[in-house]
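Observations on the three-dimensional arrangement
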Amino acid sequence: MQKWADEMRARGQSIGFVPTMGFLHEGHLSLMKRGREVANLLVVSIFVNPAQFGPGEDFEDYPRALEKDLALLEDLGADVVFTPKEEEVYPEGYETYVRQENLPNHLCGLSRPVFFTGVATVVAKLFHIVKPHVAVFGEKDYQQLAVIRKMVRDLNFDIEILGGPTVREPDGLAMSSRNAYLRPDQRSSALALIESLHLVRDLVKKGETDAGKLLDIAREHILAKKETLIDYVSICDPESLVDVENVSGKVLMALAVKVGKTRLIDNMILTPSKKE
Ligand code: PAF
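Presented here is an overview of the structure given in this document. (Residues numbered from 1 in each chain as written. Predicted model: local features only at pLDDT ≥ 70, side-chain atom pairs only at ≥ 80, totals over all residues. Heavy atoms only, no water.)

**A look at the overall build of the protein chain**
When helices and strands are tallied, the protein chain shows 10 helices and eight strands. Once the C-alpha set of the protein chain is aligned to its principal axes, its extents read approximately 55 × 45 × 40 Å. Relative to its 276 residues, the protein chain shows a buried fraction of 50%. Accessible surface, the protein chain as shown: approximately 14100 Å² in total, 50% of it carbon and sulfur. Positive and negative charge centroids in the protein chain, built from 34 and 41 side chains respectively, lie 3 Å apart. (Helix = DSSP H or I, 4+ residues; strand = E, 2+ residues; numbered from the N terminus. Buried < 20%, exposed > 50% of the residue type's maximum accessible area, 1.4 Å probe, protein only. Areas by Shrake-Rupley, 256 points an atom, 1.4 Å probe, with all protein chains shown as cover. Lys, Arg positive; Asp, Glu negative; His and termini not counted. Charge placed at Lys NZ, Arg CZ, Asp CG, Glu CD.)

And the structure:
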């Protein structure tokens, strides 16, 4: 992979990169289309990264469909699909990790304490191996994108990071490989995420600024659905991810909800209406 990247770079080609854990859906494909637009060559990696799963999480069960993914990537015209083995990424004796001080202490990082160290570590390694000029990540994983942007700045990676908008099912559910876990009867509960985002967005547009009140309304809506368990619902600063009390400017609303055993996340940027 590194040799290929060196050769392409020497020929003046630009490399676009989309790292994935496979089980590809329209959301991934939209990131790849973006990657294709901004670079001459597209590399996609498929690697279910054990370092970002905590004990008791779904590493073993994470959906995998390599043959189907490869066929999709062939149709899409990816130039290279990089599918390293676990022992190649983390050979015996591996002991170097990228850990951030602040961003992981919010939102998903609170209930998934190893997640962002695992993500930052594997993405740093993939960047060194794939040597891209541009890499594209989904905005559905807002905090992941923030962590990666920060890592790239802090560690001087010479890589442009682009975010791709969340792609949704026709009913509004954000596309995710984990949607495959949902039973048909759990689908309407899964819609609690986008519904509560819309509910709060509309109230903010009407002038409600009390984050506590807005969060109560969102929580009530989510908990009224069957089999839902809230991990977090937050209205926070879109840069620092620190909770805000008042919606006085642009904020991020982000949430993680378990529907049965399936943990789903979603988010939206909210902008208050301008005061006359
Ligand atoms: O978003 C994902 O699929 C993963 O977290 C990533 C970025 C491929 C790292 O394993």
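**A closer look at the sheet that holds strand S3 (residues 80-82)**
The sheet built from five strands is open, its strands ordered S3-S2-S1-S4-S5 with parallel pairing. Every other strand in the sheet has two partners, leaving S3 and strand S5 (160-164) as the edge strands with one partner each. Averaged over all pairs of adjacent strands, the angle between their axes in this sheet comes to 25 degrees, without regard to strand direction. In terms of strand pairing, strand S2 (residues 41-46) meets S3 through three bridges, oriented parallel. By the bridge assignment, Val43 is partnered in S3 with Val80. Taken strand by strand, helix H3 (residues 66-76) contacts S2 and S3, and its axis lies near 170 degrees from that of S2. Along the sheet face, helix H6 (residues 115-130) touches strand S1 (15-20), S2, S3, strand S4 (134-138) and S5 and points at about 145 degrees away from the line of S1. (Pairing = 2+ DSSP bridges. Axes fitted to C-alpha atoms, helices over the stretch in contact; angles between N-to-C directions. Contact = heavy atoms within 4.5 Å.)

**Thoughts on the site of the ligand**
In the region of the ligand, the neighbouring residues are Pro19, Thr20, Met21, Asn49, Gln52, Val119, Val122, Phe137 and Gln144. Between the ligand and Gln52 there is a distance of 2.6 Å, counted from an oxygen atom to a side-chain nitrogen or oxygen. At the level of elements, S1 and H6 are the ones that each hand at least two residues to the shell around the ligand. (Near = heavy atom within 4 Å. Polar contact = N/O pair within 3.5 Å; in protein donor to acceptor, adjacent residues only side chain to side chain.)

**Looking at the side chain of Asp69**
Counting through the fold element by element, Asp69 comes out in helix H3. With near-sequence residues (within four places) excluded, Asp69 lies in contact with Gly22, Phe23, Leu24 and Ile46.

**A word on the layout of surface pockets**
Any empty space left between the atoms is revealed when a probe the size of a water molecule rolls over them. When its volume is computed, the second largest pocket comes out at roughly 510 Å³. As for the second largest pocket, its lining consists of 20 residues, of which Tyr142, Leu145, Ala146, Arg149 and Pro238 are closest to the centre. Contributions of two or more residues to the lining of the second largest pocket are made by helix H7 (142-154) and strand S8 (262-270). The greatest single-element share of the lining of the second largest pocket, amounting to seven residues, is contributed by H7. Classifying every residue of the lining of the second largest pocket by side-chain character gives seven nonpolar, four polar and nine charged. (1 Å grid on protein atoms, 1.4 Å probe; cavity = no way out; pocket = protein on both sides within 12 Å on 5 of 7 lines; lining within 4 Å. Points joined across faces, edges and corners; volume = space filled by probe spheres on them. Nonpolar A, V, L, I, M, F, W, Y, C, P; charged D, E, K, R; others polar.)

**Concerning the pattern of salt bridges**
Following the criterion strictly, the structure yields 16 salt bridges and no others. As a salt-bridge pair, Glu101 and Arg99 come within 3.6 Å of each other at their nearest N and O atoms. For the pair Glu101 and Arg99, one class covers both residues: exposed. The residue Asp266 makes a salt bridge to Arg168 at a minimum N-O spacing of 2.8 Å. Linking Asp266 in strand S8 with Arg168 in the loop between S5 and helix H8 (187-190), this pair joins segments that are 98 residues apart in sequence. (Salt bridge = Lys/Arg side-chain N within 4 Å of Asp/Glu carboxyl O.)

**Notes on unusual backbone geometry**
If you check the backbone angles, Glu227 has positive phi at about 65 degrees while not being a glycine. Locating Glu227 in the fold gives a position in the loop between helix H10 (211-223) and strand S6 (228-236). Even without glycine at this site, Leu241 takes up a positive phi of about 65 degrees. If you trace the backbone, Leu241 turns up in the loop between S6 and strand S7 (251-259). Residue classification places Leu241 among the buried residues on the basis of a relative accessible area of 1%.

**So, empty space enclosed by the protein**
Overall, the coordinates contain one cavity of 30 Å³ or more when judged by the stated rule. Empty space within the largest cavity amounts to approximately 60 Å³. Lining the largest cavity we find Lys140, Leu173, Ala174, Ser176, Asn179, Leu193, Leu264, Ile265 and Asp266. Tallying contributions element by element places S8 first for the lining of the largest cavity, with three residues.

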